[in-house]
Amino acid sequence: MTSPTLTAAVLTLNEAHQLPELLPALRWCDEVLVVDGGSSDDTVVAARRGGARVLERRFDDFARQRNAALEAAVGDWILFVDADERPTRRMPEEIRRRIAAESRSGYRVPIRSTILGRRFRFSGTQNDLPLRLVRRDVGRWNGAVHERFDAAGPVGRLVALIEPATLPTVAAFLEKMQRYTTLTAAARVERGDPPRRAEAWVRPPLEVWRRLVWKQGWLDGPQGWAFCCLSGLSEWVLARRHRNLWRAAKAQAAAPSFTARHPPGRAPGPRVQLARSG
């Protein structure tokens, strides 16, 4: 009986500075596949230089990018790794052993985050157990932002960690916040979910309380306090963005459109949309 093969899949967008350190840490996999979402830096060049196979696909949402990786990968199993993450030394042996001996559809992988220069143990990060190792033929990813894998079978949990070097500065947090709130707000509007007043004025302080008190973020020191407060800010930005996109979508749907009359023998002009005044 042959051993299951493994592909490491990395979704990228302007991650050229991360790949020279990440790709050598994945050489134990049978294949490394980089799915690039349209980088403007040298990500694709760095990926190929590092021995990875590259699939260039313009980013639309995370689930579709991951599904593209499922379809393009040659391995029986897919390990999804972010560009700023690093597998620990125990991971190769544990993954090889468990996918060969156990009947699972996937495995959750514990993540220990480093935020603002500090290794976090609380603030809600202690619950980071994303599904990252999946069998290629047992499910699909769904969800534009907080994507999930709908597996047709039981899911296990690895002991080995992934160690990300995420959010090293406040600027990095704000950049990620802008990206995720934009995608999340757009997904809500697409689903037809209207904004609610509580999103802007109740959710932000609740999120700060949840992380700082309930998840004991105060034990992560000054960096924990900062992260918990920034998480509340993220909820407020998301609410405002959701409301603005909702209003823009409603205005666009309500705007009348018509094609101007034209004399016989002449082609019609372009269709014109008029926005309501006031």
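Look up: the structure comes first, before these words.
As the structure is a prediction and not an experimental result, all values here were calculated from the model.

Engineer: Honestly, the sheet that holds strand β1 (residues 6-12) in this entry has me stumped. Any pointers?
Structural biologist: Backbone-to-backbone hydrogen bonds pair the strands of a sheet. The strands run either parallel or antiparallel. Taken together, the 7 strands give an open sheet; going across it, the order is β3-β2-β1-β4-β9-β6-β12, and neighbouring strands pair in mixed fashion. For this open sheet the edge positions go to β3 (53-56) and β12 (155-157), each flanked by a neighbour on one side alone. Adjacent strand axes in the sheet meet at a mean angle of 25°, parallel and antiparallel pairs treated alike. Looking at chain direction, strand β6 (residues 106-108) and β12 are connected through 3 bridges and run parallel. Each residue of the ladder has a partner; that of glycine 106, found in β12, is valine 155. Along the sheet, helix α4 (residues 91-101) makes contact with β1, β4 (77-80), β6, β9 (131-135) and β12, crossing β4 at roughly 150°.

Engineer: Would you explain a nonpolar patch on the surface in this entry?
Structural biologist: Residues Val170, Leu174, Trp201, Val202, Leu206, Leu233 and Trp236 make up a contiguous nonpolar surface patch of about 630 Å² in total accessible area. Of all the secondary-structure elements, those providing two or more residues to the nonpolar patch are α5 (170-191) and α8 (221-254). The class for valine 170 is partly exposed, based on a relative accessible area of 40%.

Engineer: Would you mind showing me how to read the side chain of arginine 211 here?
Structural biologist: In this structure, arginine 211 sits in helix α7 (residues 203-214). Separated by 2.7 Å, the side chains of arginine 211 and glutamate 207 make a polar contact. When residues no more than four places from it in sequence are discounted, the contact partners of arginine 211 are Ser123, Gly124, Gln216, Gly217, Phe227, Cys228 and Ser231.

Engineer: Help me understand the pairing of β9 in this model?
Structural biologist: Walk down a regular strand and you will see the side chains alternate between the two sheet faces. Taking burial as the measure, the 5 residues of β9 include 4 buried ones, the bulk of the element. Pairing geometry for β4 and β9, over 3 bridges, is antiparallel. Across the sheet, the residue bridging to tryptophan 77 is arginine 135, located in β9. Of the pairings in the sheet, the one linking β6 to β9 comprises 3 bridges and is antiparallel in character. The residue of β9 that forms the bridge with arginine 108 is leucine 131.

Engineer: What am I meant to see in α7 here?
Structural biologist: Every α-helix winds through 3.6 residues per turn, so residues three or four apart in the chain are directed the same way. For α7, every residue scored as buried is listed here: Pro204, Glu207, Arg211 and Leu212. Considered in projection along α7, the buried side chains sweep an arc of 110° and stay on one side of the axis. In the core, the buried residues of α7 are packed alongside α6 (197-201) and α8. One or two residues past the end of α7 sits glutamine 216, with phi positive at roughly 60°.

Engineer: In this structure, what is going on with the environment of asparagine 14? I would like to understand it.
Structural biologist: Looking at the element boundaries, asparagine 14 is found in the loop between β1 and α1 (19-22). On the accessibility criterion, asparagine 14 (31% relative accessible area) is partly exposed. Residues asparagine 14 and glycine 38 lie 24 residues apart in sequence; the distance between their C-alpha atoms is 8.0 Å. Separated by 2.6 Å, the side chain of asparagine 14 and the backbone nitrogen of serine 40 make a polar contact.

Engineer: I keep staring at the packing of aromatic side chains and nothing clicks. Help me out?
Structural biologist: Both the distance between ring centres and the angle between the ring planes are used here to describe each pair of aromatic rings. Per the counting criterion, the structure on display carries 8 aromatic pairs. Here the aromatic rings of phenylalanine 62 and tyrosine 180 are separated by 5.5 Å at their centres, their planes lie at 20°, and the arrangement is stacked. Pair noted here: phenylalanine 62 is in helix α3 (residues 62-72) and tyrosine 180 is in helix α5, with a separation of 118 residues, a long-range link. The class of tyrosine 180 is partly exposed, set by a relative accessible area of 25%. The ring of tryptophan 141 has arginine 66 sitting right over it, with the charged end atom 5.1 Å from the ring centre.

Engineer: Is there a simple way to explain the packing of α5 against α8 in this structure?
Structural biologist: Describing two packed helices takes the angle between their axes plus the distance from one axis to the other. Across the interface, α5 lies against α8 with an axial gap of 8 Å and an inter-helix angle of 35°. By crossing handedness, the relation of α5 to α8 is classed as right-handed. On the side of α5, the interface is formed by Val170, Phe173, Leu174, Met177, Gln178, Thr181, Thr182, Thr184, Ala185, Ala186, Arg188 and Val189, while α8 contributes Phe227, Leu230, Ser231, Leu233, Ser234, Val237, Leu238, Arg241, His242, Leu245, Trp246 and Ala249. Tallied by class, the residues present in the contact of α5 with α8 amount to 15 nonpolar, 7 polar and 2 charged.

Engineer: Honestly, the pattern of salt bridges in this entry has me stumped. Any pointers?
Structural biologist: A pair can form between side chains of opposite charge whenever their charged atoms are brought close. Evaluated as defined, the whole model comprises 22 salt bridges. Taking the shortest distance from any N to any O, the salt bridge between arginine 211 and glutamate 207 comes out at 2.7 Å. Taken together, the residues span about one helical turn, with arginine 211 and glutamate 207 both in helix α7 at a distance of 4 residues. In this structure, arginine 211 and glutamate 207 share a single accessibility class: buried. One network of salt bridges, with partners in common, ties together Glu94, Arg98, Glu102 and Arg104.

The rules behind these values
Residues numbered from 1 in each chain as written. Predicted model: local features only at pLDDT ≥ 70, side-chain atom pairs only at ≥ 80, totals over all residues. Heavy atoms only, no water. Pairing = 2+ DSSP bridges. Helix = DSSP H or I, 4+ residues; strand = E, 2+ residues; numbered from the N terminus. Axes fitted to C-alpha atoms, helices over the stretch in contact; angles between N-to-C directions. Contact = heavy atoms within 4.5 Å. Patch = residues over 30% accessible without salt bridge, like charges linked within 9 Å, V, L, I, M, F, W, Y side chains within 5 Å. Areas by Shrake-Rupley, 256 points an atom, 1.4 Å probe, with all protein chains shown as cover. Salt bridge = Lys/Arg side-chain N within 4 Å of Asp/Glu carboxyl O. Buried < 20%, exposed > 50% of the residue type's maximum accessible area, 1.4 Å probe, protein only. Polar contact = N/O pair within 3.5 Å; in protein donor to acceptor, adjacent residues only side chain to side chain. Arc of directions from axis to C-beta. Phe/Tyr/Trp six-rings, centres within 6.5 Å; stacked < 30°, edge-to-face > 60°. Lys NZ or Arg CZ within 6 Å of the ring centre and 35° of its normal. Left-handed = near helix turned anticlockwise from the far one by under 90°. Nonpolar A, V, L, I, M, F, W, Y, C, P; charged D, E, K, R; others polar.

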